[in-house]
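Residue-level structural notes
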Amino acid sequence: MDFQAYNNILICKENIKNTVVDDVKVGYEFKIKYPSYRGAFLSCIEELRFQMDGVDIPKPQISFHVNGKDFLIDELPECFKEYWFVRDPATIRVRQSGGIASGEHAVHVYMKHRVPYTGYFGQYLELISDRTAILMAE
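This text gives an overview of the structure that appears in the document. (Residues numbered from 1 in each chain as written. Predicted model: local features only at pLDDT ≥ 70, side-chain atom pairs only at ≥ 80, totals over all residues. Heavy atoms only, no water.)

1. Some words on the sheet that holds strand β4 (residues 45–52)
What counts here: Here the rule is simple: two strands pair whenever DSSP picks up at least two bridges between them. By the criteria applied, helices consist of DSSP H or I runs no shorter than four residues and strands consist of E runs no shorter than two, each listed in order from the N terminus.
Spatially, four strands are ordered β5-β4-β10-β11 in an open sheet, and the strand pairing comes out antiparallel. Since the sheet does not close on itself, it has two edges, and those belong to β5 (55–56) and β11 (123–137), each with one partner. Pairing between β4 and β5: two bridges, direction antiparallel. Residue pairing across strands places Gln 51 opposite Asp 56, the latter belonging to β5.

2. Details of the sheet that holds strand β1 (residues 17–21)
Defined as follows: Only C-alpha atoms enter the line fits that serve as axes; for helices the fit covers just the stretch in contact. Angles between N-to-C directions range over 0 to 180 degrees.
If you walk across this open sheet you meet the five strands as β1-β2-β9-β6-β7, and the pairing is antiparallel. For this open sheet the edge positions go to β1 and β7 (69–72), each flanked by a neighbour on one side alone. Going from strand to strand, the sheet's axes swing by 30° on average, the running direction of each strand aside. In the sheet, strand β6 (residues 62–66) pairs with strand β9 (residues 90–95) via four bridges, with the strands oriented antiparallel. Bridge assignment links His 65 to a residue of β9, and that residue is Thr 91.

Function-wise, these values are silent; they only describe arrangement.
Below you can see the structure in the form of structure tokens.
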């Protein structure tokens, strides 16, 4: 099924922010929203990948922050009690020495996710949300 109407809200239009610890840039972060009119449990996210300026961001460098908690991408399939409300942005935190340079950057997000309320006879609707947006880094 090709349902792409909510992909426009996947990447939030807020600036990319560098993460600074003791005056040292140790990474950066940006925000995404669940691309639907309803939220879902994190375990419904089957695949989540990111690129910055056309370069894949390795999963071990990424943490997914929602509801005041941090998760590794590989932990998401086990988070069947953690709900991502549709109006709450998740913060994607990337560990990268030196952070990210100021200016425009192309952020790409690919998410394959199950729609939990469509589970009839063991079959769920799976959607692919695939979006690129130009964001400014501070």
